Amino acid sequence: MLYAILCYAHEETVFAWSKEEEDAVMAKLYAVQEPMARAGKLGPTGRLMPTTAATTVRKGKDEPLVLDGPFAETKEVLLGFYTVDVETLEEAVAFSKELSKVNPGSTSYEIRPFYVFHPGEIKT
Amino acid sequence: MTTDIAWIELALTAARPQALGALLRYFRDLDTAEEAFQEACLRAIRTWPDKGPPRDPAAWLIFVGRNSGIDAVRKRSKNDPLPEEEVLSDLSDAETDIADRLDNSNYRDDILRLMFICCHPDLPNTQQIALALRIVSGLSVPQIARAFLVSEAAMEQRITRAKARVAKAGVPFETPGAQERAERLGIVSSMIYLIFNEGYSSGITNPDNAAFCEEAIRLARLLLRIFPAEPEIMGLAALMLLQHSRAKARFDKDGQIILLEDQDRSLWNRALINEALALLDKAIRHRRPGPYQVQAAISALHARAATSKETDWREIDMLYGLLERIQPSPVVTLNRAVAVSKLEGPEKALELIAPLAEKLDGYFYFHGVRGGLLMQGGRNRQAREAFDRAIALANSPAECAHIRQQIDKLGAVASPVE
């Protein structure tokens, strides 16, 4: 089953990490991802900029409305995602638990199965 | 569950402006609000590591701070005990609800008010910066004192005086109207940029001070979260992100200044640049240009050029022209002269800055830029005079050393004109 693992956290704290804290956290998170990647189970991953960089398009009366900021004003915001291809939900939960353990912040991981998935063509 | 203490500190700092702002509105007295916030933080440090952080740290701190604050006021007469911590933490959901109901509608103006009271027009710039760093950012007095290179006692006194000045002026508690809110935003934006520049201009010479750049960016992001559709705040954030993206490239290992065109662009922080470009794109959609947006747009043209040779000087010249119209200042014209020299040569640029000589006579950069232009034009004797004048006006040893390097270059080339 293909899952998206969506990471929610307080952005004020995450973006206040010093370079050293940031590097230490990222190194630990990469170490958790590495075996998944080696097993060919890890798809596209990404980290998002602060919500201040976000723009939201909503249905308007005639033309769609373009609004500054994220879709929802919530305490914890979507800051990143993983995509994984695993046999069972248990495996996705176990991976998320590993991520959670090495992440000192209060990040929550939402595990959502894909309905449709296209890996896309973007080269970075 | 255990929570990292460093994370708790980050969370407390992040929640500070909203929580302290709400407590200030509630108690209508800065000292009481600060005491209450401090008390709430101490409780957070005691309870969060075991119970885990609340989902909404600011709401938790407001709730606990308000209770402990009330208690501190009561204590003076009755000596009531504080509520048990266990009770507080178990009430996590209920307290969030209460605090949300009471404060969510107001928190935007709370944060703005907290920042705004630091910008009292009677306070000199350095005191505004010190007060904002103390009150809004929660930096300690020793930290601020180190950055300003004064003793802790002197800084303590400075901040106490500034606070007294603010208290005497009276804190504006009524909800501001649209016009007044816009004015406050403008004033607070300038204060944030002052904090940034305090860090930026001292650069490598004082690391305590350099942290101000990051603090200013944090405050700008905060302001943008509560006022998400203000293009000038997007511009301000973008401008600071772009300038800060070059932090690693601005000085060599000896602390000497490296000019933009000579910087190793691979040392520029691409993540910060990309965030700035995203913000600038958003700002431009509003079609309400302002000084921060234009300055950010100029800075972005440098960031977009893979090498200094590829810089779009024509566009930069045009943007400085726009800036001269919306915010006329001899310093803007001086900056424009650099673009003009790239496009039309040093003589044209010298013509442009000649009328500024009187106004900018006491300004380091004026003589530095003028010296550089004269040198390019081969007028070495005059260049030497301008550089001597710049050295006399230098604000830091790094600036001084940079001009000396220019003078050395002069010596190496025989003057073809004089």
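Worth saying up front: this structure is predicted, and the values here are computed from it rather than measured.

Details of the overall build of chain A
1) Next: In terms of helices and strands, chain A carries three helices and six strands.
2) Next: Listing every helix and strand of chain A by position from the N terminus yields β-α-α-β-β-β-β-α-β.
3) Next: C-alpha atoms of chain A, sized along the principal axes, occupy 50 × 35 × 30 Å.
4) Next: Within chain A, the proportion of its 124 residues that are buried is 33%.
5) Next: Put simply, 77% of the contacts in chain A that link residues at least 6 apart link residues at least 24 apart.
6) Next: Within the structure as shown, chain A displays about 7,800 Å² of accessible surface, and the carbon and sulfur contribution to it stands at 58%.
7) Next: Averaged over its 13 positive side-chain charges, chain A has a centre that lies 2 Å from the centre of its 19 negative ones.

Remarks on the UniProt feature "domain: RNA polymerase sigma factor 70 region 4 type" (unreviewed entry) in chain B
1) Next: When the UniProt feature table is mapped to this numbering, "domain: RNA polymerase sigma factor 70 region 4 type" (unreviewed entry) covers residues 115-165 of chain B.
2) Next: With 67% helix and 0% strand, residues 115-165 of chain B has end C-alpha atoms that lie 15 Å from one another.

Topic: the nonpolar core
Residue and element names in this part refer to chain B.
1) Next: Of all hydrophobic cores here, the largest spans 103 residues; its most connected members are Leu61, Met115, Ile192, Ile195, Leu223 and Met240.
2) Next: Looking at which element gives the most residues to this core, the answer is helix H1 (residues 5-27), with eleven residues.
3) Next: Excluding residues that lie within four positions of it along the chain, Met240 makes contacts with Ile192, Tyr193, Phe196, Ala216, Ile217 and Ala220.

Some words on the interface of chain A and chain B
1) Next: Contact with chain A, which involves 24 residues of that partner, is made by 28 residues of chain B.
2) Next: Summed over both sides, the interface between chain A and chain B buries roughly 2,100 Å², with carbon and sulfur atoms accounting for 58% of that surface.
3) Next: The three residues of chain A that bury the most area against chain B are Thr52(A), Asp68(A) and Lys75(A), which together make up 29% of that side's buried surface.
4) Next: Between the two partners, chain A and chain B, sit four salt bridges.
5) Next: Two residues, Asp68(A) and Lys282(B), come together in a salt bridge whose shortest N-O distance is 4.0 Å.
6) Next: Only helix H1 (11-14) and strand S4 (65-68) of chain A provide two or more residues apiece to the side of chain A that touches chain B.
7) Next: In terms of residues, the side of chain A that touches chain B owes the most to one element, H1(A), which gives three residues.

Comments concerning the environment of Gly372(B)
Residues and elements named next belong to chain B.
1) Next: Tracing the sequence through the fold places Gly372 in helix H18 (residues 364-376).
2) Next: Since its relative accessible area comes to 14%, Gly372 is described here as buried.
3) Next: The sequence separation of Gly372 and Gln127 amounts to 245 residues, and the corresponding C-alpha distance is 35 Å.

Describing the packing of helix H2 (residues 19-38) of chain A against helix H3 (residues 89-102) of chain A
Residue and element names in this part refer to chain A.
1) Next: Running from N to C, H2 and H3 point in directions that differ by 160°, and their axes come no closer than 8 Å. Comparing the axis directions of H2 and H3 gives the class roughly antiparallel. Remark: the crossing between H2 and H3 carries right-handed chirality. Along its contact with H2, which presents Lys28, Leu29, Val32, Gln33 and Met36, the element H3 presents Phe95, Glu98, Leu99 and Val102.

Some thoughts on the pairing of strand S5 (residues 77-85) of chain A
Residue and element names in this part refer to chain A.
1) Next: By the bridge criterion, eight bridges tie strand S1 (residues 2-9) to S5 in an arrangement that is antiparallel. If you follow Ala9 over to S5, its bridge partner there is Val77.
2) Next: As judged from the four bridges shared by strand S2 (residues 42-47) and S5, these two strands associate in the antiparallel manner. Residue pairing for S5: Leu42 is matched across the bridge by Val84.

What counts and how
Residues numbered from 1 in each chain as written. Chains lettered and ligands numbered in written order. Predicted model: local features only at pLDDT ≥ 70, side-chain atom pairs only at ≥ 80, totals over all residues. Heavy atoms only, no water. Helix = DSSP H or I, 4+ residues; strand = E, 2+ residues; numbered from the N terminus. Buried < 20%, exposed > 50% of the residue type's maximum accessible area, 1.4 Å probe, protein only. Contact = heavy atoms within 4.5 Å. Areas by Shrake-Rupley, 256 points an atom, 1.4 Å probe, with all protein chains shown as cover. Lys, Arg positive; Asp, Glu negative; His and termini not counted. Charge placed at Lys NZ, Arg CZ, Asp CG, Glu CD. UniProt positions renumbered as here; feature names shortened; annotations may be inferred. Core = buried A, V, L, I, M, F, W, Y, C linked by side-chain atoms within 4.5 Å. Buried area = accessible area lost by both parts, 1.4 Å probe. Salt bridge = Lys/Arg side-chain N within 4 Å of Asp/Glu carboxyl O. Axes fitted to C-alpha atoms, helices over the stretch in contact; angles between N-to-C directions. Parallel < 35°, antiparallel > 145°, perpendicular 65-115°, else oblique. Left-handed = near helix turned anticlockwise from the far one by under 90°. Pairing = 2+ DSSP bridges.

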